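# Summary of the model geometry
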Amino acid sequence: MNRPVTRGRSRLRDLPLVGWLGAAVVIALCHRWLPDANWLMLHLVLLGALTHSIVVWSFHFAQTLLRSPASEDQARRHTRRLGLLTAGAAMVLAGVPTTWWPLTLTGACLVALAVGGHGYELFTMLRRALPSRFRVTVRYYVWAAASLLVGVGFGVTLAWGWPDPWHGRLLVAHALANLLGWVGLTLTGTLLTLWPTMLRTPMDASAERWTRSALPVLGAAIIVGVAGALAGVGWLAAAGIVGYLGGLVLWGRGLVRPALTKPPREFAAASVAAAMLWLVIGLAWAGWLLATAPDWTAVRNGFVWPAAALGAGFAVQVLTGALSYLLPSVLGGGPSVVRAGQAWFNRAGAFRLVVINGGLALWLLPTPSWVKVAGSLLALAAATAFLPLMVLGLRASIAARRELAVAAAARTGEDGTAPDTPAAPKPQPTPAHPTIFTAGQLVAGLTALATAVVVGVGVDPSVAAASGTSVAAAVAPTGRVVRVEVTAKDMRFTPAEVHVNSGDRLVVDLVNADTTTHDLVIGQANSGRIAPGARTELDAGVIGASVQGYCSIVGHRQMGMVFDVVVDDAAAPSPAPSATGTGTGTADHDMTGMTAQPTAAATASDVVDPVLAPLTDEREHHLTLTVSEVTLEVAPGVWQRRWTYNGSPVGPTLHGRVGDVFVITLVNDGTMGHSIDFHAGALAPDRPMRTIEPGQTLTYRFTAGRAGVWMYHCSTMPMSAHIAAGMAGAVVIEPDGLAEVDRSYVLVQSEVYLQTKATDAASATEVDADRAHAAGEPDYVVFNGVANGYDTAKLTARVGERVRFWVLDVGPNRASSFHVVGAQFDTVYREGAYLLRHGRDAFGTDDGGSQALGLEPAEGGFVETVFTEAGRYPFVTHVMADAERGAHGYVQVGD
């Protein structure tokens, strides 16, 4: 039972490789119509084909290097492990896309059992073997198997469906353990001997020493990278990648001399060399992403690109390169048999390498969509050619081996004497392993890539549309600007349409909340490609006719990514009231006819939703506030470069109870130093309120100890400028026993100071810091960041409903006197205390009322009223000059 066995045919050893690679090709061709296609393609190669090959060939190399042929028992165990691995990988590849976690867990356990048993078998062989020169390679294999066990654990945990930041952390930890550990360590250990063998040149005498020295460096780097990812410390995970690259440099010193002595001349060695280059590119890309991404959501969204470089560039090419050498060589039969097989593996070798690597580069670079498609199809076709070439190469080797056997039998005869017929003539010698890098193949490959670029540019609609800015330039402009935020997600634009009048100018704030790149083309206006998690502005120009916008990336329009711009019949403009004040009886309170009044009301999409989100059972609140400096409309058709939290005209409203804990992560994505100060918390300002520079983050943790409407704001000097530029918001901490109401709104009053009155985003300027600092007259006074925003996006209520208005004056300089025209307040809460509570004041009077809530900068409170009649009720600050500057809106009360 312990007799050594020879290598023969085995279905579990030979067929799964072809199956996994064939399935990857099918998924690549059909990926636009399949869920999680990118994940499937990557894991069919890595978990399927590459993992299977690693288990097969590391077992083979361990036997060879340790001079310890496998016994029959070891061979049977090895075959059983391959069966477990194939079944487990199939379960994982079915379980993840279908989100059937029990199937994923079962498959992962089978994979872990197979690879764990494989690692233990190698460890046992290593301990029992006599000392040998290259036993360090088997140590690499054992470390690699241990890494995969860890990576499998991260992967099955990730499949459970964790939200960010844990999704991003587990994704990186999973990738580092598997790619750097399982694949990377196996490759580096194997190339110690395989690299000079493929080059057919002697090994560098120092290679073994460098390989031995590099193992602890590589292992430690993997541990640091995984630990950094799990701890949520991006720079530490990046440091692990840098350390791994350093280990590769140390190990690679032993590979340089063979390459210089005899540079790669055949497909196998050249493919492995290209794979190593992509390994360095992918790792550098991933390290840069980890070091610079503002949060783990950005890491998760951006990780697809280095993963593609590592999967398609590194994993596929190292697999096909190694097999192109190993398969003919291991079959044996002598030099002529090996050459017969390798001749097929070398067919069009240089052409395939140029097209694979060039096509992958075209796909990864920011090229037009059809260029990406043409390049990726070329690369896919060239990579897929390996499968038929492998079959033909193996058949050629087998045929050559049989011919030699027949010739040998003919020469000796069955009885050992020479045959009567003359011996067949000896074949003429052929050149030994000629180079694949001929001028013809290189030129053909470059020509194919150039053709892909030319054709792609010629047919890509986004390239043709890049020069224009208007859907219908001949129409007379109305001067009205319609601005809408459109989100791209799940192959849809939301909202899917916008209504404008003929002659209106349309501006789209495009947000990519998807996991893949998108764009938006409207007429001749093109947003350009935006990456996942990014946003951009598309100025569609003056609209003269209805038009359908679309995502120009190939296939996305067909899958439903369209955006309709609908032109309604132009409404006749209503005449402006005369300067003498004639008009309707409510003209004064409507604030029409004021010189500072914008010419048109803001569209609903411009205005912050004022509804206060209801409380939840959550007592610890986590929120990320990202500082961004963006161009926004501060009044319809008037633009300013704003400094914001999360890109909004006013900071997000936080809502909690007394005793709640708030954990805020501040991320500075701006171009200057910024900070944050929460009035709702009481703590020393030195650390949490410090200014952080671009690219930095801080965590601000506080407990809401007292009720009130609290301000938060940037405290970086000059504070007046930072607040006036938009860096402020509200924290609503409800007093104990606060009664429920039918509707609850939050209104934050602030001031706008313009350097210039820009009528388009391109000419927008930043806050006038001098005027804000001098407490000069503001250009606008606004509720929630937009002048007169709620004139069109009206607040709503019904007769008999109790409505609560939470009001905060963030200044930076002017007081507020909040008033609802036609209503009286029976409840007034100001700066932590009730002045009235359902008509009862502090002195016990039961019929009290209030007409306004007066607030100084950084003061807040709430008022309540019950509307008794249907109608349109203006609300203003009763500092009338400021109401005329835009602190105005309506409550539409229905029956």
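Note that the coordinates shown come from a computational prediction; the quantities given were computed from them, not determined experimentally.

Across its full length, the protein holds 22 helices and 29 strands. Here the protein holds 895 residues, and 51% of them are scored as buried. Intrachain contacts of the protein at a sequence separation of at least 6 include 76% that bridge at least 24 residues.

This part takes up the sheet that holds strand E14 (residues 677-678). With mixed pairing, the four strands of this open sheet are ordered in space as E12-E17-E16-E14. With one partner strand each, in any of the chains shown, strand E12 (654-657) and E14 form the two edges of the open sheet. Pairing of E14 with strand E16 (residues 708-713) involves two bridges; the strand directions are antiparallel. In the sheet register, Asp677 faces E16, and the bridge partner there is His713.

For the rest of this paragraph, the subject is the sheet that holds strand E26 (residues 853-855). Read across the sheet, five strands follow the order E20-E29-E28-E22-E26 without closing on themselves; strand pairing throughout is mixed. Unpaired on one side and paired on the other, strand E20 (793-798) and E26 mark the two borders of the sheet. Each strand of the sheet is rotated relative to its neighbour by a mean of 20°, with strand direction disregarded. Pairing of strand E22 (residues 816-820) with E26, which is carried by three bridges, proceeds in the antiparallel orientation. Bridge pairing in E26 places Phe818 opposite Leu853.

Let's shift gears to empty space enclosed by the protein. Enumeration according to the criterion identifies five cavities of 30 Å³ or more in this entry. In this structure, the largest cavity spans a volume of roughly 280 Å³. Considering the residues around the largest cavity, the lining is formed by 19 residues, among which Ile54, Thr186, Thr190, Val318 and Ala322 are closest to the centre. Going through the elements one at a time, helix H2 (37-66), helix H6 (166-199) and helix H11 (304-331) are the ones with two or more residues in the lining of the largest cavity. Within this model, the second largest cavity holds a volume of roughly 60 Å³. Every residue lining the second largest cavity is listed: Arg642, Pro649, Val650, Ile723, Gly726, Ala728, Val748, Ser750, Gly785 and Val810.

Burial of strand E15 (residues 697-703) is one-sided: the residues Leu698, Tyr700 and Phe702 facing one way are buried, the residues Thr697, Thr699, Arg701 and Thr703 facing the other way are not. One ladder, built from seven bridges, connects strand E13 (residues 661-668) with E15; its direction is antiparallel. Paired with Val663 across the two strands is Arg701, which belongs to E15.

The subject of this paragraph is the confidence of the model for the protein. Considering every residue of the protein, the mean pLDDT works out to 83; 87% of them sit at 70 or more. A low-confidence stretch, residues 418-431 stays under pLDDT 50, and its non-local contacts, those more than four residues away or across chains, total five contacts. When the criterion is pLDDT under 50, residues 570-605 qualifies, and its contacts beyond four places in sequence or with other chains add up to 46 contacts.

What follows concerns the pattern of salt bridges. For the structure on display, the rule yields 24 salt bridges. For Glu485, the salt bridge identified is with Arg535, shortest N-O distance 3.0 Å. Here Glu485, found in strand E1 (residues 481-489), pairs with Arg535, found in strand E7 (residues 535-542); they are 50 residues apart in sequence, far enough to count as distant. Classification of Glu485 as partly exposed rests on a relative accessible area of 37%. Of the charged contacts in the structure, one is a salt bridge between Asp660 and Arg619, with a shortest N-O distance of 2.2 Å. With Asp660 in the loop between E12 and E13 and Arg619 in the loop between helix H18 (587-590) and strand E10 (620-635), the pair connects residues that are 41 residues apart, well separated along the chain.

It is worth spelling out the nonpolar core at this point. Generally speaking, nonpolar side chains in soluble globular proteins are found buried as a group. By size, the foremost hydrophobic cluster in this structure holds 117 residues, and its most contacted members are Trp182, Leu191, Met198 and Phe314. The element that contributes the greatest number of residues to this core is H6, accounting for 18 residues. The contact partners of Leu191, leaving out residues within four places of it in the chain, are Pro196, Met198, Trp251, Leu255, Val272 and Met276. Counting residues in hydrophobic clusters, the runner-up holds 45 residues, among them Val709, Ala730, Phe783 and Leu795.

The next thing to look at is unusual backbone geometry. Each neighbour pair has its own omega, and for Thr494 with Pro495 the value is -5°, a cis peptide bond. Looking at the secondary structure, you find Pro495 in the loop between strand E2 (492-494) and strand E3 (497-501). The residue after Gly811, namely Pro812, is reached through a cis peptide bond having omega 20°. In this structure, Ala348 takes a positive phi of about 50° despite not being glycine. Mapped onto the elements, Ala348 comes out in the loop between helix H12 (335-345) and helix H13 (349-364). Backbone geometry places Ala858, a non-glycine residue, at a positive phi of 75°.

Before going further, it helps to spend a moment on the packing of aromatic side chains. All chains considered together, the criterion is met by 20 aromatic pairs. Put simply, the rings of Tyr745, Phe783, Tyr790, Phe805, Phe818, Phe825 and Phe875 touch in pairs and so form one group of aromatic residues. Above the ring of Phe862, the side-chain terminus of Arg804 is found at 5.2 Å from the ring centroid.

Turning next to the layout of surface pockets. Take a probe with the size of a water molecule and roll it over the atoms, and the empty space left behind shows itself. Empty space within the second largest pocket amounts to approximately 1300 Å³. Secondary-structure elements contributing two or more residues to the lining of the second largest pocket are helix H9 (267-292), helix H10 (296-302), E1, strand E4 (505-512), E7 and E10. Among the elements that take part in the lining of the second largest pocket, E10 stands out by supplying seven residues, more than any other. Its residues assigned to classes, the lining of the second largest pocket comprises 16 nonpolar, 14 polar and eight charged.

In this section: the pairing of strand E27 (residues 859-866). Side-chain direction in a regular strand flips from residue to residue, so the side chains alternate between the two faces of the sheet. Among the eight residues of E27, seven are classified as buried, and the element is accordingly described as predominantly covered. As defined by bridge partners, strand E21 (residues 802-811) adjoins E27 across eight bridges and the pair is classed as antiparallel. Bridge pairing in E27 places Phe805 opposite Val863.

On to a nonpolar patch on the surface, then. Judged by side-chain polarity, Trp160, Trp162 and Trp166 come together as a nonpolar surface patch covering roughly 360 Å² of accessible area. Secondary-structure assignment places Trp160 in the loop between helix H5 (136-158) and H6. A relative accessible area of 56% places Trp160 in the exposed class.

Here Leu380 is to be found in helix H14 (residues 369-384). Separated by 21 residues in sequence, Leu380 and Gly359 have C-alpha atoms that sit 8.4 Å apart. When sequence neighbours within four positions are dropped, the list of residues in contact with Leu380 reads Ala28 and Leu29.

Moving on: the side chain of Asn784. On the secondary structure map, Asn784 appears in the loop between strand E19 (780-783) and helix H21 (789-792). Of the polar contacts made by the side chain of Asn784, one reaches the side chain of Tyr790; its length is 2.7 Å. With residues near it in sequence (within four places) discarded, Asn784 still touches Val608, Pro610, Pro649, Val650, Val746, Leu747, Val748 and Tyr790.

Rules and cut-offs
Residues numbered from 1 in each chain as written. Predicted model: local features only at pLDDT ≥ 70, side-chain atom pairs only at ≥ 80, totals over all residues. Heavy atoms only, no water. Helix = DSSP H or I, 4+ residues; strand = E, 2+ residues; numbered from the N terminus. Buried < 20%, exposed > 50% of the residue type's maximum accessible area, 1.4 Å probe, protein only. Contact = heavy atoms within 4.5 Å. Pairing = 2+ DSSP bridges. Axes fitted to C-alpha atoms, helices over the stretch in contact; angles between N-to-C directions. 1 Å grid on protein atoms, 1.4 Å probe; cavity = no way out; pocket = protein on both sides within 12 Å on 5 of 7 lines; lining within 4 Å. Points joined across faces, edges and corners; volume = space filled by probe spheres on them. pLDDT = per-residue confidence, 0-100. Salt bridge = Lys/Arg side-chain N within 4 Å of Asp/Glu carboxyl O. Core = buried A, V, L, I, M, F, W, Y, C linked by side-chain atoms within 4.5 Å. Phe/Tyr/Trp six-rings, centres within 6.5 Å; stacked < 30°, edge-to-face > 60°. Lys NZ or Arg CZ within 6 Å of the ring centre and 35° of its normal. Nonpolar A, V, L, I, M, F, W, Y, C, P; charged D, E, K, R; others polar. Patch = residues over 30% accessible without salt bridge, like charges linked within 9 Å, V, L, I, M, F, W, Y side chains within 5 Å. Areas by Shrake-Rupley, 256 points an atom, 1.4 Å probe, with all protein chains shown as cover. Polar contact = N/O pair within 3.5 Å; in protein donor to acceptor, adjacent residues only side chain to side chain.

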